[in-house]
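Secondary and tertiary structure notes
Below, each chain spelled out in residue letters.
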Amino acid sequence: MDRKEFLKSLAAAGLVATVMPHGELTLLAQGGQDGMPDMVAVLGGEPAAMFGEGIATMGGISKYISKGDRVVLKPNAAWDRPPEMAANTNPELMSAIVKACFEGGAKEVLVFDHTCDNWKKSYENSGIERAVTAAGAKMIPADEEEYYREIDFPQGKVLKKAKVHKAILDCDVWFNIPILKVHRGAKMTVAMKNLMGIVWNRQFFHRHDLSQAIADVNTLKKKPALNIVDAYRVMKSNGPRGLGEGDVVLTKGLFISSDPVAVDTAATKFLGRVTKMTVEEVNHIAYARDLGLGTTDLDSLNIERIKL
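Source: prediction; values computed, not measured. (Residues numbered from 1 in each chain as written. Predicted model: local features only at pLDDT ≥ 70, side-chain atom pairs only at ≥ 80, totals over all residues. Heavy atoms only, no water.)

**Things to note about the overall build of the chain**
From N to C terminus, the chain includes 10 helices and 14 strands. In the chain, which comprises 308 residues, the proportion classed as buried is 57%. Expressed as a percentage of contacts within the chain between residues at least 6 apart in sequence, the contacts between residues at least 24 apart total 73%. Counting every atom, the chain has about 12,700 Å² of accessible surface; 47% of that belongs to carbon and sulfur. (Helix = DSSP H or I, 4+ residues; strand = E, 2+ residues; numbered from the N terminus. Buried < 20%, exposed > 50% of the residue type's maximum accessible area, 1.4 Å probe, protein only. Contact = heavy atoms within 4.5 Å. Areas by Shrake-Rupley, 256 points an atom, 1.4 Å probe, with all protein chains shown as cover.)

Written out as structure tokens, the structure reads:
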């Protein structure tokens, strides 16, 4: 992606930057706690390099984990599809995050998803299992009800109780690492919808108000420290599983934020570059905003943009 396309992509995502004489990108809004950005948008690099720049800009991994922490990573690993199909989180990104966690002092890094396809095949053929185990993490199963514990969602409108994977409930810190793609039911899937993979009964979502249930599950008290959105390849059609490589576009993007509503808003606008999708079509974004889970007003945020 050249510089012109990079700026177009930022504009489409509501992340328009001011260009200084030397081509530097400056922030449109200031703010954020301790002067740190509320969101980082990185474009134009390989997954590991984009994550390295992004997490450094967010203050470094040690801002989010402490020495001896038990860390959980929740990618989208739901589908028995290879990385080129963009159905699952990029394995190179997963490897980089695992390595960063250990460098930050993590004692243990666990990785799981409640898959839609056979969990063993999904873990293997997505490339995620091989990537994270080589980096020192452990893939754990999520295919049995015994791995989950029921908790209340007192803020939920339709989701009042759910069994959540114990790895999430018992860890010291966790990171939500979705891939950006279209979804036939929810219109798009990224940070907030990725939390369906921490719940045992996913069918509840589809049998009730899917969009409201997605917003509700994000009222989980133990929230991810960061949402790290893989937009290296995006699925523009036939999501969430995809039919062929014609469904995939190489966009070389990454978004990082602790605000799931903001990052879903930015990612949806970014996806709209190739799908014409609008934020208004994705109901769970507005529902989550109305629950007080984040903002859709990107202009109010300190967003740092990085071009590699």
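**Points about unusual backbone geometry**
Gly239 connects to Pro240 through a cis peptide bond whose omega is 15°. With respect to the element layout, Pro240 can be found in the loop between strand 12 (226-235) and strand 13 (248-257). Its identity is not glycine, yet Asn238 carries a phi of approximately 60°, on the positive side.

**A few points about the packing of helix 9 (residues 260-275) against helix 10 (residues 283-290)**
Packing of helix 9 against helix 10 leaves a shortest axis separation of 10 Å and a crossing angle of 155°. Judged by the angle between their axes, helix 9 and helix 10 are roughly antiparallel. The hand of the helix 9/helix 10 crossing is left-handed. On the side of helix 9, the interface is formed by Val261, Asp264, Thr265 and Thr268, while helix 10 contributes His284, Ile285, Ala288 and Arg289. Residue composition of the contact of helix 9 with helix 10, grouped by class: three nonpolar, three polar and two charged. (Axes fitted to C-alpha atoms, helices over the stretch in contact; angles between N-to-C directions. Parallel < 35°, antiparallel > 145°, perpendicular 65-115°, else oblique. Left-handed = near helix turned anticlockwise from the far one by under 90°. Nonpolar A, V, L, I, M, F, W, Y, C, P; charged D, E, K, R; others polar.)

**A short note on the side chain of Thr251**
By the secondary structure assignment, Thr251 is in strand 13. Here Thr251 falls in the buried class, since its relative accessible area comes to 9%. For Thr251, the side chain forms a polar contact with the main-chain oxygen of Ala231, separated by 2.7 Å. (Polar contact = N/O pair within 3.5 Å; in protein donor to acceptor, adjacent residues only side chain to side chain.)

**Some words on the pattern of salt bridges**
Going through the model one piece at a time under the given rule, you end up with eight salt bridges. Glu46 is paired through a salt bridge with Lys252; the nearest N and O atoms lie 3.1 Å apart. With a gap of 206 residues between them, Glu46 in the loop between strand 3 (39-43) and helix 2 (47-57) and Lys252 in strand 13 connect regions that are remote in the sequence. Using a relative accessible area of 36% as the deciding quantity, one classes Glu46 as partly exposed. Of the charged contacts, one joins Glu108 and Arg70 as a salt bridge, the two residues approaching to 3.0 Å between their closest N and O atoms. One end of the pair, Glu108, is in strand 5 (residues 108-111); the other, Arg70, is in strand 4 (residues 70-75), and 38 residues separate them in sequence. Accessibility expressed as a relative area gives 31% for Arg70, which makes it partly exposed. (Salt bridge = Lys/Arg side-chain N within 4 Å of Asp/Glu carboxyl O.)

**Structural notes on helix 9**
Taking 1.5 Å as the rise per residue, helix 9 with 16 residues should run 22 Å; its terminal C-alpha atoms sit 21 Å apart, in good agreement. Helix 9 sits mainly inside the fold: 12 of its 16 residues count as buried. Within the span of helix 9, buried status applies to Pro260, Val261, Ala262, Val263, Asp264, Thr265, Ala266, Ala267, Thr268, Phe270, Leu271 and Gly272. Its side-chain oxygen 2.9 Å from the backbone nitrogen of Val261, Asp259 forms the N-cap of helix 9. One or two positions beyond helix 9, positive phi appears at Lys276, with a value near 70°. (Expected span 1.5 Å × (residues − 1).)

**What to know about helix 3 (residues 91-103)**
An ideal rise of 1.5 Å per residue puts 18 Å on 13 residues; helix 3 measures up with 18 Å between its terminal C-alpha atoms. All buried positions along helix 3 are accounted for by Pro91, Leu93, Met94, Ser95, Ala96, Ile97, Val98, Ala100 and Cys101. After helix 3 finishes, the residue Gly105 shows a positive phi value of roughly 110°.

**What to know about the confidence of the model for the chain**
Low-confidence regions, as indicated by low pLDDT, have predicted coordinates that should not be scrutinised in detail. On average, residues of the chain score 90 in pLDDT, and 89% of them reach the 70 mark or higher. Taken together, the stretch residues 16-33 has pLDDT below 50 and engages in 37 contacts with residues farther than four places along the chain or on a different chain. (pLDDT = per-residue confidence, 0-100.)

**A word on the packing of aromatic side chains**
In this structure the tally under the stated criterion is four aromatic pairs. Relative to Tyr123, the ring of Trp119 has its centre 5.5 Å away and its plane inclined at 85°; by these criteria the two rings are edge-to-face. With Trp119 and Tyr123 both in helix 4 (residues 119-125) and four residues apart, this pair spans about one turn of that helix. Geometrically, the ring pair formed by Phe255 and Phe270 is edge-to-face, given 5.3 Å between the ring centres and 75° between the ring planes. Of the two residues, Phe255 sits in strand 13 while Phe270 sits in helix 9, which places them 15 residues apart along the sequence. Its relative accessible area of 2% is what places Phe255 among the buried residues. (Phe/Tyr/Trp six-rings, centres within 6.5 Å; stacked < 30°, edge-to-face > 60°.)

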